[in-house]
Amino acid sequence: MATQKISLNWKEGVHFESEGPGGMVPIDGSEEVGGQGKGLRPKALMLSALAGCSGIDIASLIKKMRIEVDTFDIDVEAELTEEHPKFYHKVWVNFNFYGDNLNEKKIEKAVTLSVDTYCGVMEMFRQFATVETKINYFPKK
């Protein structure tokens, strides 16, 4: 069974650095709890992980499927519950593709493969949230 490990190093106040395979990520709390804007907040990191997981899948599939795309980006928005502990219960993921001659059928297949088959972070989110996805197509940036 595969395992992963990170180390969280306290810097000051509520500022930390998380070190793991491939690099370091600064983490900081909100100003309400003493944060100073020196890093991402933990819940935002979860949304970044979701976008990153699917983005890596899609970038690999674009290459493998020879899909012509000028660029793409992923926007994630989420709604927190009102009660503590607050967690995301609704998540919206927008996949935005840019190019002049986009093959929408192939792009849809790549996104579907990521969302339904490959992205483990997407599956983790589905355990506690409703996740809605949408694909958007735009002319070349």
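Here the structure is shown first, and the text comes after it.
First, a word on scope: everything that follows refers to the structure included in this document.

Thresholds, definitions, all that
- Per chain, the residues get numbers from 1 upward, laid out in the order the sequence is written.
- Given that the model is predicted, a residue must reach a pLDDT of at least 70 before its local features are reported, and side-chain atom pairs must reach 80 or more before they are shown or counted; all residues, however, enter totals for whole chains, interfaces and linings.
- Where side-chain values are given, they derive from all heavy atoms of the structure, hydrogens and water being excluded.
- Only DSSP runs of H or I with at least four residues qualify as helices, and only runs of E with at least two residues qualify as strands; both kinds are numbered from the N terminus onward.
- Expected helix span is taken as 1.5 Å per residue step, with the number of steps being one fewer than the number of residues.
- Exposed residues in this analysis have more than 50% of their type's maximum accessible area, buried residues have under 20%, and partly exposed residues fall in between, with area computed by a 1.4 Å probe over protein chains only.
- The criterion used for residue contact is that any of the two residues' heavy atoms lie within 4.5 Å.
- Two rings from Phe, Tyr or Trp (for Trp, the six-membered ring) form a pair when their centres sit within 6.5 Å of each other. Planes less than 30 degrees apart are called stacked, planes more than 60 degrees apart edge-to-face, and all others tilted.
- The criterion is simple. A nonpolar core is a set of buried Ala, Val, Leu, Ile, Met, Phe, Trp, Tyr and Cys residues joined through side-chain atoms within 4.5 Å.
- Salt bridges are defined as contacts in which a side-chain nitrogen from Lys or Arg sits within 4 Å of a carboxyl oxygen from Asp or Glu.
- Note on definitions: angles span 0 to 180 degrees between N-to-C directions of axes, and those axes are lines fitted to C-alpha atoms, for helices only across the stretch in contact.
- Just so you know how the angles are binned, under 35 degrees is roughly parallel, over 145 roughly antiparallel, 65 to 115 roughly perpendicular, and the rest oblique.
- In this scheme the crossing of two helices becomes right-handed for a clockwise turn of the near helix relative to the far one and left-handed for an anticlockwise turn of less than a right angle.

Helix length check: helix α2 (residues 104-118), at 15 residues, gives a terminal C-alpha distance of 20 Å against a target of 21 Å (1.5 Å per residue), a fit within 8%. Listed as buried for α2 are Ile107, Ala110, Val111, Ser114 and Val115. As for α2, its buried residues are in contact with α1 (42-64), β5 (88-98), α3 (120-126) and β6 (130-138).

Applying the stated criterion to the full structure yields 4 aromatic pairs. What links up through ring pairs into an aromatic cluster is the set Phe72, Phe97 and Tyr137.

Core analysis: the largest hydrophobic core is formed by 25 residues, its most contacted members being Leu50, Val91, Phe95, Phe97, Val111 and Phe125. Only α1, β5, α2 and α3 provide two or more residues apiece to this core. Leaving out residues up to four positions away in the same chain, phenylalanine 97 has contacts with Ile58, Ile62, Val69, Thr71, Phe72, Leu102, Ile107, Val111, Ile135, Asn136, Tyr137 and Phe138.

What follows covers the pattern of salt bridges. Note that side chains of opposite charge can pair when their charged atoms are close. Here the structure, examined in full by the defined rule, presents 4 salt bridges. Arginine 126 is the partner of glutamate 123 in a salt bridge, and the nearest nitrogen-oxygen pair spans 3.2 Å. A residue pair is termed a helical-turn pair when its members lie 3 or 4 positions apart in one helix, as glutamate 123 and arginine 126 do in helix α3 at 3 residues. Residue arginine 126 is classed as partly exposed on the basis of its relative accessible area of 32%. Here the salt bridges share partners, and the residues they tie into one network are Asp116, Glu123 and Arg126.

Our focus in this paragraph is the packing of α1 against α2. Contact geometry for α1 and α2: axes closest at 9 Å, N-to-C directions at 135°. Considering their axes alone, α1 and α2 lie oblique with respect to each other. In this structure, the crossing between α1 and α2 has a hand that is right-handed. Contacts between α1 and α2 involve Ser54, Asp57, Ile58 and Leu61 from the first element and Ala110, Val111, Leu113, Ser114 and Tyr118 from the second.

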